[in-house]
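# Fold and contact review
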Amino acid sequence: MGLMRVLPFAKQLLHDHIEEGQVAIDMTAGNGHDTLFLANAVGETGHVYAFDIQSEAVAATKARVEESGVSNRVTVIHDSHDTVQAVVEKEARPITAAVFNLGYLPGSDKSITTHGNTTIAALSQLLDVMAVGGVIVIVIYHGHESGKVERDEVLHYVESLDQKQAGVLRYEFINQVNHPPFIVAIEKRA
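### Considerations on the packing of aromatic side chains
- On inspection of all chains with the given rule, the structure shows two aromatic pairs.
- Taking the centre distance of 4.0 Å and the plane angle of 25 degrees together, the rings of Phe-9 and Tyr-171 count as stacked. A residue pair is termed long-range when its members are at least 10 positions apart, and Phe-9 in helix α1 (residues 6–16) and Tyr-171 in strand β6 (residues 166–171) qualify at 162 residues. The same class applies to Phe-9 and to Tyr-171, which are both buried.
- With a centroid separation of 6.0 Å and 80 degrees between ring planes, the pair formed by Tyr-171 and Phe-173 is classed as edge-to-face.
- Aromatic ring contacts, followed pair by pair, group Phe-9, Tyr-171 and Phe-173 into a single cluster.

Put into structure tokens, the structure is as follows:
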């Protein structure tokens, strides 16, 4: 068996931290693939919140979960992921997993991207509300100019987290061309 590629590894990390009936968050809904993955992982009694600022991403995500018959366990929010705390504070169950895909919406306007300041604000809020043992998986796409800036800002932030409060992992292939994405995973410890 070879090394696990980045995206399957991201899903494995999420899967390992989610049980039936729990709550998960897709911080960048995009085309809804991760939202659907999370909705299946939390099962019929769990719930998923999915955030995106782009109308087309919100529509695509809603269509994907409706077609799959899981829309009753998904709330799609047309807003920035840095509003997450206000949304999940109303949720009685703890948050056990969250995922970010940083960059731009594939097949869309590449000038609309995630930004370090809102991503870091969202990460900080998540760490406040996440259950101990919960995981945040960040897939960092940095093959474009704003992606490089955001990558550096996010890495600076996660490297500064107290190791007693959170464990931080970086998973990447370092000998590939064209700036392949890599993962940063944060597991809340306290």
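Read on, since the account is not over.
### With respect to the sheet that holds strand β2 (residues 47–52)
- Sheet architecture is open: seven strands sit in the order β3-β2-β1-β4-β5-β7-β6, paired in mixed fashion. At either margin of the open sheet sits one strand with a lone partner, and together these are β3 (74–78) and β6. Sheet twist, expressed as the mean angle between neighbouring strand axes with direction ignored, is 15 degrees.
- Of the pairings in the sheet, the one linking strand β1 (residues 23–26) to β2 comprises four bridges and is parallel in character. Each residue of the ladder has a partner; that of Val-23, found in β2, is His-47.
- Packing against the sheet, helix α5 (residues 116–129) makes contact with β1, β4 (95–102), β5 (130–140) and β7 (182–188), and its axis sits at approximately 160 degrees to β5.

### Section: unusual backbone geometry
- In the Ramachandran plot, Asn-178 falls in the positive-phi region, its phi being about 65 degrees despite a non-glycine side chain.
- Secondary-structure assignment places Asn-178 in the loop between β6 and β7.
- Its identity is not glycine, yet His-179 carries a phi of approximately 50 degrees, on the positive side.
- Note on placement: His-179 falls in the loop between β6 and β7.

### Regarding the side chain of His-144
- As for its placement among the helices and strands, His-144 is situated in the loop between β5 and α6 (145–159).
- With relative accessibility at 16%, the residue His-144 sits in the buried group.
- In this structure His-144 touches Gly-103, Tyr-104 and Thr-113, once residues within four positions along its chain are discounted.

### Topic: the pattern of salt bridges
- Counting across every chain of the model gives three salt bridges.
- Here Arg-93 ties to Glu-91 by a salt bridge, and the two come within 3.0 Å at their closest N and O atoms.
- Relative accessible area serves as the criterion here: at 30%, Arg-93 is assigned to the partly exposed category.
- Arg-170 is paired through a salt bridge with Glu-172; the nearest N and O atoms lie 2.6 Å apart.

### Considering the environment of Asp-79
- Position of Asp-79 relative to the elements: it lies in the loop between β3 and α4 (84–88).
- Residue contacts for Asp-79: discarding those within four places in its chain leaves Phe-51, Asp-52 and Ile-53.

About the cut-offs
- Residues numbered from 1 in each chain as written.
- Predicted model: local features only at pLDDT ≥ 70, side-chain atom pairs only at ≥ 80, totals over all residues.
- Heavy atoms only, no water.
- Phe/Tyr/Trp six-rings, centres within 6.5 Å; stacked < 30°, edge-to-face > 60°.
- Helix = DSSP H or I, 4+ residues; strand = E, 2+ residues; numbered from the N terminus.
- Buried < 20%, exposed > 50% of the residue type's maximum accessible area, 1.4 Å probe, protein only.
- Pairing = 2+ DSSP bridges.
- Axes fitted to C-alpha atoms, helices over the stretch in contact; angles between N-to-C directions.
- Contact = heavy atoms within 4.5 Å.
- Salt bridge = Lys/Arg side-chain N within 4 Å of Asp/Glu carboxyl O.

Honestly, it's all geometry; don't read function into it.
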